[in-house]
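Each chain is listed here by its residues.
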Amino acid sequence: TPLVVAVAMGPVLLVLVAAFAVAPAEDALLNVCMDAKHHKTKPGPEGDLHDQCSPWKDNACCTANTSAEAHKDQSYLYNFNWNHCGVMPPKCKRHFIQDTCLYECSPNLGPWIDQADSTWRRERVLHVPLCREDCEEWWEDCKDYVTCKENWHKGWNWATGTNRCPWGSACRPFSQVFPQPKDLCEKIWSNSYKYTTERRGSGRCIQMWFDPAQGNPNAAVAEYYAWKKRSPSARVEGTTPGTDTATRALPWLLLVLLPLTLVVVLEGAGGCGSHGWGPL
């Protein structure tokens, strides 16, 4: 009878609704590589990533060669010389290497990719929320090094083919050029980073440093900010990533499944083709 068929279809329909409602939609902000000078077009495994870049080896936007060049004082990547005001101490340099590894290798910067007005890249990152510890340790280990510029993206003297201090500029300690950790993280690369008070492991900030044995924590951070960026409901207290996807999926799913359910019910009531229905 129709009642029996409808009852029988109930659990099946509920399972289908649940499956579709929780199925993650493909997101253009997640697991992507920016369109820049040395990035791959798509992220993927790179088993031979060098030294500090190795945490990204399971899923990277950089190649092994790029990761090796990132560790050189002056590499072919950008002809940029860390030692423009004397030799940069190793404890400071390791942060710049890690910063380069994050920029070149991470597939989790999609929510902050922005258009770039540059001849060497079409995209860049802007306002990536950096974890407090990453920023403060970077500043602490570099505060006694010297530099002649606040913004390292532009304004250098490139007459020799590598970056030199502009004419008339003086080398000063980092602690003078960047009085606070926030100044260093936000100003040195034209606001690529944003200083936050969020801690490592909070799921709300990007980590330059992480233990790959524990997985890449930045994947979850990217998911959170991608959800906030695309979902009006992200501003509603108590909502979490995924609820907006389920809400959008449910009406569509019901529109698709309801006619099929009616067909089954009608067939159960009067047999196949009783109203001119053909085979599905």
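This text goes with the structure placed above it.
Here's a quick rundown of the structure. (Residues numbered from 1 in each chain as written. Predicted model: local features only at pLDDT ≥ 70, side-chain atom pairs only at ≥ 80, totals over all residues. Heavy atoms only, no water.)

### Here we look at the overall build of the protein
So, step 1. The helix and strand tally for the protein stands at eight helices and six strands.
So, step 2. When the helices and strands of the protein are read in sequence order from the N terminus, they spell out α-α-α-β-β-β-α-β-β-α-α-β-α-α.
So, step 3. Within the protein, the fraction of its 280 residues that count as buried is 43%.
So, step 4. By sequence separation, contacts in the protein at least 24 residues apart represent 63% of the contacts at least 6 residues apart.
So, step 5. Accessible area of the protein: about 15200 Å², with a carbon and sulfur share of 58%. (Helix = DSSP H or I, 4+ residues; strand = E, 2+ residues; numbered from the N terminus. Buried < 20%, exposed > 50% of the residue type's maximum accessible area, 1.4 Å probe, protein only. Contact = heavy atoms within 4.5 Å. Areas by Shrake-Rupley, 256 points an atom, 1.4 Å probe, with all protein chains shown as cover.)

### Considering the nonpolar core
So, step 1. Counting residues in each nonpolar core, the largest one holds 51 residues, and the members touching the most others are Phe96, Trp138, Trp152 and Tyr193.
So, step 2. Taken together, the elements giving at least two residues each to this core come down to helix H3 (90-105), strand S3 (128-130), helix H4 (132-142), helix H5 (174-177), helix H6 (181-187), strand S6 (193-195) and helix H7 (218-230).
So, step 3. Among the elements that line this core, the one with the most residues is H3, at seven residues.
So, step 4. Beyond its immediate stretch of four places on either side in the chain, Trp138 contacts His95, Phe96, Asp99, Leu130, Leu184, Cys185, Ile188, Trp189, Tyr193 and Met208. (Core = buried A, V, L, I, M, F, W, Y, C linked by side-chain atoms within 4.5 Å.)

### Focus on the side chain of Asp134
So, step 1. Secondary-structure assignment places Asp134 in helix H4.
So, step 2. Those residues in contact with Asp134 that sit more than four places away from it in its chain are Arg200, Gln207, Met208 and Trp209.

### Let's talk about the state of the cysteines
So, step 1. According to the stated counting rule, one finds eight disulfides in the structure shown.
So, step 2. Here Cys131 is linked by a disulfide to Cys205, with a sulfur-sulfur distance of 2.0 Å. Of note, the bridge from Cys131 to Cys205 carries an S-S torsion of about 90° and is right-handed in sense. On the criterion of sequence distance, the pair formed by Cys131 in the loop between S3 and H4 and Cys205 in the loop between S6 and H7 is long-range, its members being 74 residues apart. (Disulfide = S-S within 2.5 Å.)

### Focus on the side chain of Asp99
So, step 1. Of note, Asp99 is situated in helix H3.
So, step 2. Since its relative accessible area comes to 6%, Asp99 is described here as buried.
So, step 3. Ignoring any residue separated from it by four or fewer positions in sequence, one finds Asp99 in contact with Trp138, Trp189, Tyr193 and Met208.

### A closer look at the packing of aromatic side chains
So, step 1. Per the stated rule, a full pass over the model turns up 19 aromatic pairs.
So, step 2. Ring centres of Tyr145 and Phe174 lie 5.6 Å apart, and the angle between their planes is 50°; this geometry places the pair in the tilted category. On the criterion of sequence distance, the pair formed by Tyr145 in the loop between H4 and strand S4 (146-147) and Phe174 in helix H5 is long-range, its members being 29 residues apart. Residue Tyr145 shares its accessibility class with Phe174, and that shared class is buried.
So, step 3. Positioned over the ring face of Trp156 is Lys149, at 5.6 Å from the centre of the ring. (Phe/Tyr/Trp six-rings, centres within 6.5 Å; stacked < 30°, edge-to-face > 60°. Lys NZ or Arg CZ within 6 Å of the ring centre and 35° of its normal.)

### Focus on unusual backbone geometry
Where the residue is not glycine, phi is negative for most of them; where a peptide bond is considered, it is trans in most cases.
So, step 1. Positive phi, normally seen in glycine, also occurs at His127, with a value near 60°.
So, step 2. Looking at the element boundaries, His127 is found in the loop between strand S2 (123-125) and S3.
So, step 3. By relative accessible area, His127 is classed as partly exposed at 40%.
So, step 4. Located in the positive-phi region is Asn191, a residue other than glycine, with phi close to 65°.
So, step 5. Within the secondary structure, Asn191 sits in the loop between H6 and S6.

### A look at H7
So, step 1. In this model, H7 (13 residues) spans 18 Å end to end at C-alpha, consistent with the 18 Å of a helix rising 1.5 Å per residue.
So, step 2. By the burial criterion, the buried members of H7 are Asn218, Val221, Ala222, Tyr224, Tyr225, Ala226 and Trp227. (Expected span 1.5 Å × (residues − 1).)

### Some thoughts on the packing of H3 against H4
So, step 1. Here H3 crosses H4 at 140°, and the two axes come no closer than 7 Å. Here H3 and H4 pass one another in a crossing that is left-handed. Side by side, H3 and H4 meet where Lys91, Cys92, Arg94, His95, Phe96 and Asp99 of the first sit next to Glu137, Trp138, Asp141 and Cys142 of the second.
So, step 2. Class assignment for the residues of the contact of H3 with H4 results in four nonpolar, one polar and five charged. (Axes fitted to C-alpha atoms, helices over the stretch in contact; angles between N-to-C directions. Left-handed = near helix turned anticlockwise from the far one by under 90°. Nonpolar A, V, L, I, M, F, W, Y, C, P; charged D, E, K, R; others polar.)

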